[in-house]
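# Topology and contacts: notes
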Amino acid sequence: MTRTMITGRYVIGYDGTGHEILHNGEVVYDNDTIVHVGFGYDGPLDHRIDAGNAVVGPGFIDLDALADLDSTVLGFDNAPGWRHGRVWASTYVARGPRDVYTPEEEDAKKRYAFAQLLLNGITTALPITSLLYREWGETYQEFARAAAIGADYGLRLYLGPAYRTGASVIHPDGRFDIHWDEPRGMRGLEEAIEFVKDYDGRANGLIRGMLAPDRIECCTRDLLERTADAARSLGCPVRLHCCQSPLEVETVAARFGQSSLALLDELGFLDRQVLLPHGIYLGGQDPTDDSVERDLVALERSKATLVHCPLVSARMGHFMDSLATMQRRGIKVGLGTDTYPPDIVTNMHTGIMATRMIEGSESACSAADYYNAATLGGAKALNRPDLGRLSPGARADITVFDLSGFHLGQFVDPIQTMIMNGSGRDFSHVIVNGRTIVKDRQLPGVNLEKLAAEAQQQFDRLRASYPERTHLHPPAAAIFPTSFPSRSF
């Protein structure tokens, strides 16, 4: 066994009910497990790490973690999404969808994305990638390779290939529709079940399984029911994107005559293992106080978790209403990043500001509320009391946030200063399961410049592929115009 002590100006300990700030505290861990948090440890040690002027805190839990080259950033100034390739053109489907990425490129973008997660202080991640650029769904083989990449990096991952029975399409006349292939979706579910059975617990427990049906409007009733049964049998989390877009709400209302959450409640899908990004559109297509209340009651009763992704939601001009509302109701909320950059600190800051605006109160939520959601909230969602906290018996997932930067300005409080003035770039060290993965803002042994160059080349090719999938097939320059007129010599 190797016993290590890490000390810092501030340690975010856990007192049995919540986080606490320990001034000049210490954390001791034996291999992968924390054995002491507090002061005055006098036992044997093999190593000491002095973090200095820093916040030593728990690793962050990202319940909707980007494992892709994020295409949502292409929509930042290019809305609505269906005009800019965010929904398949029916003519593209008629020709036959294809995978844009080769297997080697799939692996390269995961290496890039996993590195970004770690550098931003995220120690536990549930990856999400887009299905827009695929022939249909994700595969067992792809995620077997992802598990190997994650294990090599030392990142704690919940993995499972995404599957679906349908894909949203738009016809040349502007009608929206769903292209169905239920047999293929059912095969995807069976493949995902096999993956969970084969990989759950691999890499000394760093790799865990989950089921990941792709967005509710692209699932048949049968797929949802079978997924719920499989998740309960396997004892694994199941994540379903839900209540996230007007198109989804309209599609579910047209097919089932109710809200997305009402449908899931009727099917018996909702329970404490369920993770639901993004929770923005509650109450159905024409929400009333009563229909929103029914959705909130269903969430409260089921103990399902809303996965709040503040940054990507705010970029698109809509937001979950709200963390404060969910807290008052006792509804579980964890955080996800779901976009580039996977900056958990910026997500917390964005969330605080937007929640206060929605609630019309500067005291509606605090830095502590969002820090809790990014740590304890994620741990509760995964039923992992050994994550998201620094306490004896917990996994040794530890972050070091450097407070010495000139850009951080005047110090207020370790957590408030982190969220107001810092970013994910301020994490100097990240430890996962007792292994130091990030050291001095680098991933030892990983060529970040090479990863960045590969990612940009792939991203440029991805952007060039948009016209074939986009409504009416405009040229790429029309889909993604520059911010200002552009010319070169």
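Quick caveat, the model's predicted, so the values are computed rather than measured.

What follows deals with the overall build of the protein. Within the protein one finds 16 helices and 21 strands. Computed over the C-alpha atoms, the radius of gyration of the protein is 22 Å, within 12% of the 23 Å expected from 2.2 N^0.38 for a compact globule of 489 residues. When its C-alpha atoms are laid out on the principal axes, the protein stretches across 75 × 60 × 45 Å. When the 489 residues of the protein are sorted by exposure, 59% land in the buried category. Looking at the protein alone, contacts between residues at least 24 apart form 77% of all its contacts between residues at least 6 apart. Of the accessible surface of the protein, which amounts to about 19,900 Å², a share of 50% is contributed by carbon and sulfur atoms. Mean positive and mean negative side-chain charge positions of the protein (48 and 63 charges, respectively) differ by 2 Å.

With that settled, the discussion passes to the pattern of salt bridges. Within the structure shown, the criterion is met by 32 salt bridges. Residues Glu106 and Arg134 are paired through a salt bridge, measuring 3.4 Å at the closest nitrogen-oxygen approach. Of this pair, Glu106 sits in helix 2 (residues 103–119) while Arg134 sits in the loop between strand 8 (122–128) and helix 3 (140–153), and the two are 28 residues apart along the sequence. Between Asp265 and Arg301 there is a salt bridge, and its shortest N-O distance comes to 2.7 Å. One end of the pair, Asp265, is in helix 7 (residues 260–267); the other, Arg301, is in helix 8 (residues 289–302), and 36 residues separate them in sequence. Put simply, Asp68, Glu106, Lys109, Lys110, Arg134, Glu138 and Glu142 are held in one network by salt bridges that share partners.

The next thing to look at is unusual backbone geometry. Look at the link from Asp321 to Ser322: it is a cis peptide, with omega at -15°. Relative to the helices and strands, Ser322 is located in the loop between helix 9 (310–315) and helix 10 (323–329). Geometrically, the link from Tyr340 to Pro341 is a cis peptide bond, its omega value of -5° lying close to zero. The topology assignment puts Pro341 in the loop between strand 18 (332–335) and helix 11 (344–359). Not every positive phi belongs to a glycine, and Asn31 is a case in point at roughly 55°. By the secondary structure assignment, Asn31 is in the loop between strand 2 (19–30) and strand 3 (33–38). Although it is not a glycine, Arg441 sits at a positive phi angle of roughly 65°.

As a further point, take the UniProt feature "domain: Amidohydrolase-related" (unreviewed entry) in the protein. Using the residue numbers shown here, the UniProt feature "domain: Amidohydrolase-related" (unreviewed entry) corresponds to residues 102–436. Secondary structure content for residues 102–436 is 44% helix and 16% strand, while the C-alpha to C-alpha distance between its ends is 32 Å.

Counting residues in hydrophobic clusters, the biggest one holds 112 residues, and the most contacted among them are Phe60, Leu211, Leu224, Leu261, Leu264, Leu276 and Met348. Counting residues per element, this core draws most heavily on helix 4 (residues 182–199), at 7 residues. If sequence neighbours within four positions are ignored, Leu224 has contacts with Ile216, Cys219, Leu240, Leu263, Leu264, Leu267 and Phe269. Met210, Leu275, Cys309 and Ala379 belong to the second-largest nonpolar core, a separate cluster that totals 16 residues.

With that out of the way, let us pick up the sheet that holds strand 7 (residues 88–89). Where strands meet in a sheet, backbone hydrogen bonds hold them as pairs that are either parallel or antiparallel. Strand order in the open sheet made by the 3 strands is 7-11-12, with mixed pairing throughout. Two strands lie at the open edges of the sheet, namely strand 7 and strand 12 (176–180), each paired on one side alone. Here 5 bridges tie strand 11 (residues 166–170) to strand 12, and the two strands are oriented antiparallel to one another. If you follow Val169 over to strand 12, its bridge partner there is Asp177.

Since the α-helix turns once every 3.6 residues, residues separated by three or four places project in the same direction. Across its 14 residues, helix 5 (residues 221–234) extends 20 Å between first and last C-alpha, which sits within 8% of the 20 Å expected from 1.5 Å per residue. Along helix 5, the positions that sit buried rather than exposed are Leu223, Leu224, Thr227, Ala228, Ala230 and Ala231. Buried positions in helix 5, seen along its axis, are confined to an arc of 165° and lie on one side of it. Set apart from the buried face of helix 5 by more than 90 degrees, the exposed residues are Asp229 and Ser233. Elements that come into contact with the buried residues of helix 5 comprise strand 10 (162–163), helix 4, strand 14 (212–213), strand 15 (238–239) and helix 7.

What follows is about the sheet that holds strand 15. Spatially, 15-16-17-18 is the arrangement adopted by the 4 strands of the open sheet, whose pairing is parallel. Edge strands, defined here as strands with exactly one partner in the open sheet, are strand 15 and strand 18. Summarising the sheet, strand 17 (residues 305–308) and strand 18 pair through 4 bridges and their orientation is parallel. Residue pairing across strands places Val307 opposite Gly334, the latter belonging to strand 18. Together, strand 16 (274–277), strand 17 and strand 18 form the strand contacts of helix 12 (residues 367–381), whose direction differs from that of strand 18 by roughly 110°.

Any two packed helices are characterised by the angle at which their axes cross and by the distance between the axes. Interhelical geometry of helix 11 versus helix 13 (residues 414–421) gives an angle of 90° and a closest axis separation of 8 Å. In terms of axis orientation, helix 11 runs roughly perpendicular to helix 13. Judged by residue contacts, Val345, Met348, His349 and Ile352 of helix 11 engage Met418, Ile419 and Met420 from helix 13.

Note that Tyr370 resides in helix 12. Among the residues examined, Tyr370 registers a relative accessible area of 0% and is labelled buried. The sequence separation of Tyr370 and Asn383 amounts to 13 residues, and the corresponding C-alpha distance is 19 Å. Every residue in contact with Tyr370, bar those within four places of it in the chain, is listed here: His308, Pro310, Phe319, Leu323, Leu335, Met348, Gly351, Ile352, Thr355 and Cys365.

Calculation rules
- All chains use their own residue numbering, which begins from 1 and follows the written sequence.
- Per-residue local features are limited, in this predicted model, to residues with pLDDT of at least 70; the limit for side-chain atom pairs, both in listing and counting, is 80 or more; totals at the level of whole chains, interfaces and linings are taken over all residues.
- Side-chain measures were taken over the full set of non-hydrogen atoms in the model, leaving aside hydrogen atoms and water.
- Working definition: helices are DSSP H or I runs of at least four residues, strands are E runs of at least two. Numbering for both runs from the N terminus.
- Every radius of gyration here is taken over C-alpha atoms, with the globule rule written as 2.2 Å times N^0.38, N being the number of residues.
- Residue exposure (1.4 Å probe, protein chains only): buried if accessible area is under 20% of the type maximum, exposed if over 50%, otherwise partly exposed.
- Note on definitions: a residue-residue contact is assigned when non-hydrogen atoms from the two residues lie within 4.5 Å.
- Using the Shrake-Rupley algorithm and a 1.4 Å probe, accessible areas are obtained, with residue cover drawn only from the displayed protein chains.
- Positive charges are assigned to Lys and Arg, negative charges to Asp and Glu, while His and the chain termini are left out of the count.
- Charge placement uses NZ in Lys and CZ in Arg. For Asp and Glu, CG and CD serve respectively.
- For salt bridges, the criterion is a side-chain nitrogen of Lys or Arg within 4 Å of an Asp or Glu carboxyl oxygen.
- UniProt positions are given in the numbering used here, feature names are shortened, and annotations may be inferred rather than shown by experiment.
- Grouping buried Ala, Val, Leu, Ile, Met, Phe, Trp, Tyr and Cys residues that are joined through side-chain atoms within 4.5 Å yields what is termed a nonpolar core.
- DSSP-based pairing: two strands are paired if at least 2 bridges between them are found.
- What a helix is expected to span follows from its residue count: subtract one and scale by 1.5 Å.
- This arc is taken over the directions from the axis of the helix to the C-beta atoms.
- For every element, the axis is a line fit to its C-alpha atoms; helices are fit only across the contacting stretch, and the angle between N-to-C directions ranges from 0 to 180 degrees.
- Each angle is binned into one of four classes, with values under 35 degrees roughly parallel, values over 145 roughly antiparallel, values of 65 to 115 roughly perpendicular, and all other values oblique.

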